[in-house]
Amino acid sequence: KNQVEQSPQSLIILEGKNCTLQCNYTVSPFSNLRWYKQDTGRGPVSLTIMTFSENTKSNGRYTATLDADTKQSSLHITASQLSDSASYICVVRDGNAGGTSYGKLTFGQGTILTVHP
Amino acid sequence: DGGITQSPKYLFRKEGQNVTLSCEQNLNHDAMYWYRQDPGQGLRLIYYSQIVNDFQKGDIAEGYSVSREKKESFPLTVTSAQKNPTAFYLCASSIIRTKNSPLHFGNGTRLTVT
(Lines give C-alpha, C1' and ligand atoms only; values in the text may rest on other atoms or scores of the structure.)
Protein backbone atom coordinates (compact mmCIF):
# COMPACT_ATOMS: atom_id res chain seq x y z
CA LYS A 1 0.00 0.00 0.00
CA ASN A 2 1.32 3.44 -0.94
CA GLN A 3 2.03 5.63 2.07
CA VAL A 4 3.42 9.09 2.74
CA GLU A 5 4.56 9.95 6.26
CA GLN A 6 5.53 13.43 7.36
CA SER A 7 7.43 14.55 10.40
CA PRO A 8 7.25 16.29 12.69
CA GLN A 9 3.49 16.50 13.12
CA SER A 10 3.87 20.09 14.30
CA LEU A 11 6.68 22.54 14.79
CA ILE A 12 7.04 25.92 16.50
CA ILE A 13 9.92 28.23 15.62
CA LEU A 14 10.85 31.86 16.11
CA GLU A 15 10.69 34.33 13.27
CA GLY A 16 13.94 34.48 11.35
CA LYS A 17 14.98 30.93 12.18
CA ASN A 18 15.36 28.08 9.68
CA CYS A 19 13.53 24.76 9.79
CA THR A 20 13.35 21.49 7.90
CA LEU A 21 10.29 19.32 7.34
CA GLN A 22 10.57 15.64 6.41
CA CYS A 23 8.61 13.37 4.10
CA ASN A 24 9.14 9.60 3.76
CA TYR A 25 7.21 7.63 1.18
CA THR A 26 6.68 4.06 0.06
CA VAL A 27 4.97 4.90 -3.25
CA SER A 28 6.08 2.69 -6.09
CA PRO A 29 6.74 3.15 -8.92
CA PHE A 30 7.65 6.77 -8.26
CA SER A 31 6.69 9.56 -10.66
CA ASN A 32 7.04 12.85 -8.80
CA LEU A 33 6.78 14.51 -5.39
CA ARG A 34 5.22 17.88 -4.72
CA TRP A 35 5.13 20.11 -1.66
CA TYR A 36 2.04 22.21 -0.98
CA LYS A 37 1.46 25.01 1.54
CA GLN A 38 -1.99 25.24 3.10
CA ASP A 39 -2.97 28.30 5.12
CA THR A 40 -5.64 27.76 7.75
CA GLY A 41 -9.09 27.59 6.17
CA ARG A 42 -7.73 27.78 2.63
CA GLY A 43 -6.86 25.36 -0.14
CA PRO A 44 -3.31 24.04 -0.64
CA VAL A 45 -0.99 25.90 -3.00
CA SER A 46 1.88 24.20 -4.85
CA LEU A 47 5.39 25.20 -3.74
CA THR A 48 7.62 22.92 -5.77
CA ILE A 49 7.73 19.63 -7.63
CA MET A 50 10.55 17.08 -7.67
CA THR A 51 10.95 14.43 -10.37
CA PHE A 52 13.12 11.34 -10.18
CA SER A 53 16.23 12.98 -11.60
CA GLU A 54 16.13 16.07 -9.40
CA ASN A 55 17.95 16.31 -6.06
CA THR A 56 17.29 19.92 -5.10
CA LYS A 57 14.88 22.62 -6.16
CA SER A 58 14.37 26.08 -4.70
CA ASN A 59 11.44 28.47 -4.69
CA GLY A 60 12.47 31.64 -2.91
CA ARG A 61 13.12 30.78 0.74
CA TYR A 62 11.83 27.23 0.22
CA THR A 63 14.27 24.49 -0.82
CA ALA A 64 13.12 20.94 -1.43
CA THR A 65 15.43 17.94 -1.65
CA LEU A 66 14.75 14.44 -2.88
CA ASP A 67 16.63 11.19 -2.29
CA ALA A 68 14.89 8.66 -4.51
CA ASP A 69 17.10 5.83 -3.22
CA THR A 70 15.98 6.22 0.39
CA LYS A 71 12.54 7.54 -0.62
CA GLN A 72 12.89 10.68 1.43
CA SER A 73 12.26 14.34 0.77
CA SER A 74 12.75 17.42 2.87
CA LEU A 75 11.50 20.99 2.70
CA HIS A 76 13.85 23.57 4.15
CA ILE A 77 12.55 27.04 5.01
CA THR A 78 15.14 29.76 5.41
CA ALA A 79 14.73 32.92 7.50
CA SER A 80 11.16 32.11 8.46
CA GLN A 81 8.44 34.76 8.42
CA LEU A 82 5.13 34.96 10.26
CA SER A 83 3.39 34.27 6.94
CA ASP A 84 5.10 30.88 6.78
CA SER A 85 2.74 29.66 9.50
CA ALA A 86 0.72 26.99 7.70
CA SER A 87 0.40 23.28 7.09
CA TYR A 88 2.91 21.82 4.64
CA ILE A 89 1.74 18.80 2.71
CA CYS A 90 3.89 16.29 0.84
CA VAL A 91 2.18 14.56 -2.10
CA VAL A 92 3.63 11.69 -4.13
CA ARG A 93 2.37 10.59 -7.54
CA ASP A 94 2.91 6.98 -8.56
CA GLY A 95 4.09 6.06 -12.02
CA ASN A 96 1.28 3.71 -13.00
CA ALA A 97 -0.50 4.55 -16.23
CA GLY A 98 -4.20 5.27 -16.04
CA GLY A 99 -6.00 6.35 -12.92
CA THR A 100 -6.44 10.02 -12.23
CA SER A 101 -4.30 11.72 -14.85
CA TYR A 102 -1.09 9.76 -15.06
CA GLY A 103 -1.05 7.99 -11.75
CA LYS A 104 -2.54 8.10 -8.28
CA LEU A 105 -1.71 10.77 -5.73
CA THR A 106 -0.95 9.88 -2.11
CA PHE A 107 -1.09 12.72 0.40
CA GLY A 108 0.83 13.01 3.64
CA GLN A 109 -1.00 14.20 6.75
CA GLY A 110 0.92 17.46 6.79
CA THR A 111 3.26 19.28 9.18
CA ILE A 112 1.76 22.27 10.98
CA LEU A 113 4.34 25.03 11.23
CA THR A 114 3.84 27.95 13.61
CA VAL A 115 6.20 30.91 13.44
CA HIS A 116 6.23 33.15 16.50
CA PRO A 117 7.51 36.74 16.56
CA ASP B 1 -8.12 36.26 -12.18
CA GLY B 2 -8.34 32.57 -12.99
CA GLY B 3 -9.18 30.21 -10.18
CA ILE B 4 -11.54 27.85 -8.45
CA THR B 5 -14.51 29.10 -6.47
CA GLN B 6 -16.14 26.95 -3.84
CA SER B 7 -19.34 27.95 -2.11
CA PRO B 8 -20.49 28.30 0.52
CA LYS B 9 -17.47 28.56 2.81
CA TYR B 10 -19.42 27.18 5.78
CA LEU B 11 -22.44 24.88 5.61
CA PHE B 12 -24.56 23.50 8.42
CA ARG B 13 -27.07 20.71 7.95
CA LYS B 14 -29.18 18.39 10.02
CA GLU B 15 -28.54 14.68 9.88
CA GLY B 16 -30.57 12.97 7.17
CA GLN B 17 -30.52 15.90 4.75
CA ASN B 18 -28.71 15.90 1.42
CA VAL B 19 -26.51 18.90 0.73
CA THR B 20 -24.76 20.11 -2.44
CA LEU B 21 -21.38 21.84 -2.48
CA SER B 22 -20.60 24.08 -5.41
CA CYS B 23 -17.31 24.17 -7.35
CA GLU B 24 -16.67 26.41 -10.36
CA GLN B 25 -13.40 26.95 -12.25
CA ASN B 26 -12.40 29.38 -14.99
CA LEU B 27 -8.95 27.88 -15.63
CA ASN B 28 -10.20 25.90 -18.65
CA HIS B 29 -8.93 22.72 -16.98
CA ASP B 30 -10.31 19.41 -18.19
CA ALA B 31 -9.91 17.52 -14.92
CA MET B 32 -11.71 18.29 -11.68
CA TYR B 33 -11.55 16.54 -8.31
CA TRP B 34 -13.23 16.44 -4.93
CA TYR B 35 -11.19 15.71 -1.80
CA ARG B 36 -12.12 15.35 1.81
CA GLN B 37 -9.77 16.62 4.54
CA ASP B 38 -10.02 15.44 8.14
CA PRO B 39 -7.74 16.51 11.01
CA GLY B 40 -4.49 14.56 11.15
CA GLN B 41 -5.17 12.74 7.88
CA GLY B 42 -4.04 13.18 4.31
CA LEU B 43 -6.51 14.34 1.68
CA ARG B 44 -8.69 11.55 0.38
CA LEU B 45 -10.16 11.46 -3.13
CA ILE B 46 -13.94 11.26 -3.37
CA TYR B 47 -14.64 11.64 -7.11
CA TYR B 48 -12.86 12.93 -10.17
CA SER B 49 -13.79 13.85 -13.71
CA GLN B 50 -11.57 14.19 -16.76
CA ILE B 51 -14.21 15.17 -19.27
CA VAL B 52 -17.72 16.55 -19.35
CA ASN B 53 -20.46 13.99 -18.65
CA ASP B 54 -17.96 11.48 -17.27
CA PHE B 55 -16.68 10.93 -13.74
CA GLN B 56 -15.01 8.20 -11.71
CA LYS B 57 -15.17 7.09 -8.10
CA GLY B 58 -12.20 7.81 -5.90
CA ASP B 59 -11.18 6.05 -2.71
CA ILE B 60 -14.13 7.12 -0.56
CA ALA B 61 -17.09 7.65 -2.92
CA GLU B 62 -19.74 5.94 -0.78
CA GLY B 63 -22.43 8.39 0.31
CA TYR B 64 -21.44 11.01 -2.26
CA SER B 65 -22.57 11.86 -5.79
CA VAL B 66 -21.34 14.27 -8.47
CA SER B 67 -22.25 15.58 -11.90
CA ARG B 68 -20.21 17.20 -14.70
CA GLU B 69 -22.66 18.82 -17.07
CA LYS B 70 -20.33 21.73 -17.86
CA LYS B 71 -16.55 21.90 -18.07
CA GLU B 72 -16.49 24.71 -15.50
CA SER B 73 -18.67 23.09 -12.86
CA PHE B 74 -18.35 19.98 -10.69
CA PRO B 75 -20.87 20.01 -7.82
CA LEU B 76 -20.69 17.45 -5.01
CA THR B 77 -23.76 16.14 -3.20
CA VAL B 78 -23.29 14.71 0.26
CA THR B 79 -26.18 12.34 0.78
CA SER B 80 -27.77 11.09 3.97
CA ALA B 81 -26.03 7.76 3.32
CA GLN B 82 -22.64 9.29 4.17
CA LYS B 83 -22.07 8.11 7.73
CA ASN B 84 -19.63 10.79 8.86
CA PRO B 85 -20.09 13.82 6.60
CA THR B 86 -18.65 16.54 8.85
CA ALA B 87 -15.36 17.54 7.20
CA PHE B 88 -13.52 20.13 5.12
CA TYR B 89 -14.18 19.56 1.41
CA LEU B 90 -11.72 20.71 -1.23
CA CYS B 91 -12.35 20.95 -4.95
CA ALA B 92 -9.39 20.97 -7.35
CA SER B 93 -8.67 21.08 -11.06
CA SER B 94 -5.70 20.30 -13.27
CA ILE B 95 -4.45 19.96 -16.82
CA ILE B 96 -4.41 16.29 -17.77
CA ARG B 97 -1.93 16.28 -20.62
CA THR B 98 1.13 16.16 -18.34
CA LYS B 99 1.88 14.16 -15.19
CA ASN B 100 3.75 17.12 -13.68
CA SER B 101 0.84 19.54 -13.70
CA PRO B 102 -0.16 20.69 -10.20
CA LEU B 103 -3.58 20.57 -8.64
CA HIS B 104 -5.21 23.97 -8.27
CA PHE B 105 -7.41 24.01 -5.20
CA GLY B 106 -10.38 26.09 -4.17
CA ASN B 107 -10.58 27.45 -0.62
CA GLY B 108 -12.84 24.71 0.59
CA THR B 109 -16.25 24.27 2.17
CA ARG B 110 -16.47 23.31 5.82
CA LEU B 111 -19.54 21.13 6.30
CA THR B 112 -20.96 20.48 9.73
CA VAL B 113 -23.76 17.96 10.15
CA THR B 114 -25.52 17.67 13.50
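The notes below deal with the structure included here.

Observations concerning the interface of chain A and chain B
Then step 1. With 23 residues of chain A at the contact, the number on the chain B side is 26 residues.
Then step 2. Taken together, both faces of the contact between chain A and chain B bury some 1,900 Å²; the carbon and sulfur share is 51%.
Then step 3. Inspection of the chain A/chain B interface yields one salt bridge.
Then step 4. A salt bridge links Asp59(B) to Lys104(A); its shortest N-O distance comes to 2.6 Å.
Then step 5. Counting across the interface, chain A meets chain B through eight residue pairs in polar contact (both at pLDDT 80 or more).

Structural notes on empty space enclosed by the protein
Then step 1. Counting across every chain of the model gives one cavity of 30 Å³ or more.
Then step 2. Each pocket or cavity is described by its volume, and for the largest cavity that value is around 70 Å³.
Then step 3. Lining the largest cavity we find Asn32(A), Arg34(A), Tyr36(A), Val91(A), Arg93(A), Leu105(A), Lys99(B), Ser101(B), Pro102(B) and Leu103(B).
Then step 4. Residue assignment for the lining of the largest cavity shows that the elements contributing at least two residues are strand E4 (30-38) and strand E9 (86-94) of chain A.
Then step 5. Element by element, the count of residues in the lining of the largest cavity is highest for E4(A), at three residues.
Then step 6. Class assignment of the residues belonging to the lining of the largest cavity gives a composition of five nonpolar, two polar and three charged.

So, the sheet that holds strand E8 (residues 76-78) of chain B
Residue and element names in this part refer to chain B.
Then step 1. Here we have four strands laid out as an open sheet, ordered E1-E3-E8-E7, and antiparallel in their pairing. Among the strands making up the open sheet, the edge pair consists of strand E1 (4-7) and strand E7 (64-66). Mean inter-strand twist for the sheet, computed between neighbouring axes without regard to direction, equals 20 degrees.
Then step 2. Note that strand E3 (residues 19-25) and E8 share three bridges and pair antiparallel. Bridge pairing links Leu 21 to Leu 76 in E8.

Side note on the sheet that holds strand E6 (residues 56-59) of chain A
All names here are of chain A.
Then step 1. Judged by pairing direction, the sheet is antiparallel, and its five strands sit side by side in the order E1-E3-E8-E7-E6 without closing on themselves. The open sheet has two edge strands, strand E1 (4-7) and E6, and neither has a second partner. On average, each strand axis in the sheet is tilted by 15 degrees relative to the strand beside it, whichever way the strands run.
Then step 2. Here strand E3 (residues 19-25) runs beside strand E8 (residues 72-77); their pairing, made up of six bridges, is antiparallel. Bridge assignment links Leu 21 to a residue of E8, and that residue is Leu 75.

A word on the pairing of E1(A)
Residues and elements named next belong to chain A.
Then step 1. A one-sided burial pattern is seen for E1, the buried positions being Val 4 and Gln 6 and the unburied ones Glu 5 and Ser 7.
Then step 2. Across four bridges, E1 lies against E3 in antiparallel orientation. The residue bridging Val 4 from the neighbouring strand is Tyr 25, located in E3.

Quick word on the side chain of Ser87(A)
Then step 1. Relative to the helices and strands, Ser87(A) resides in strand E9.
Then step 2. Not counting the four nearest positions on each side in its chain, Ser87(A) is found in contact with Tyr36(A), Lys37(A), Gln38(A), Gly110(A), Thr111(A) and Ile112(A).

Brief notes about the pattern of salt bridges
Residues and elements named next belong to chain B.
Then step 1. Applying the stated rule across the entire model yields seven salt bridges over all chains.
Then step 2. Here Arg 44 makes a salt bridge to Asp 38, at a shortest N to O gap of 2.8 Å.
Then step 3. Residues joined in a network through salt bridges with shared partners are Arg 36, Asp 38 and Arg 44.

Brief notes about the state of the cysteines
Then step 1. Counted under the stated rule, the structure contains two disulfides over all chains.
Then step 2. With its sulfur 2.0 Å from that of its partner, Cys23(A) forms a disulfide with Cys90(A). Judged by the sign of its S-S torsion, about -70 degrees, the cystine formed by Cys23(A) and Cys90(A) is left-handed. Of this pair, Cys23(A) sits in strand E3 while Cys90(A) sits in strand E9, and the two are 67 residues apart along the sequence. The exposure classification of Cys23(A) matches that of Cys90(A), with both residues buried.
Then step 3. Put simply, Cys23(B) and Cys91(B) are joined by a disulfide, and their sulfur atoms are 1.9 Å apart. Since a negative S-S torsion denotes a left-handed disulfide, the Cys23(B)-Cys91(B) link at about -75 degrees is left-handed. Separated by 68 residues along the polypeptide, Cys23(B) in strand E3 and Cys91(B) in strand E9 (residues 87-94) bring together distant segments of the chain. Cys91(B) matches Cys23(B) in its accessibility class, with the two residues each being buried.

Definitions and limits used
- Residues numbered from 1 in each chain as written.
- Chains lettered and ligands numbered in written order.
- Predicted model: local features only at pLDDT ≥ 70, side-chain atom pairs only at ≥ 80, totals over all residues.
- Heavy atoms only, no water.
- Contact = heavy atoms within 4.5 Å.
- Buried area = accessible area lost by both parts, 1.4 Å probe.
- Salt bridge = Lys/Arg side-chain N within 4 Å of Asp/Glu carboxyl O.
- Polar contact = N/O pair within 3.5 Å; in protein donor to acceptor, adjacent residues only side chain to side chain.
- 1 Å grid on protein atoms, 1.4 Å probe; cavity = no way out; pocket = protein on both sides within 12 Å on 5 of 7 lines; lining within 4 Å.
- Points joined across faces, edges and corners; volume = space filled by probe spheres on them.
- Helix = DSSP H or I, 4+ residues; strand = E, 2+ residues; numbered from the N terminus.
- Nonpolar A, V, L, I, M, F, W, Y, C, P; charged D, E, K, R; others polar.
- Pairing = 2+ DSSP bridges.
- Axes fitted to C-alpha atoms, helices over the stretch in contact; angles between N-to-C directions.
- Buried < 20%, exposed > 50% of the residue type's maximum accessible area, 1.4 Å probe, protein only.
- Disulfide = S-S within 2.5 Å.

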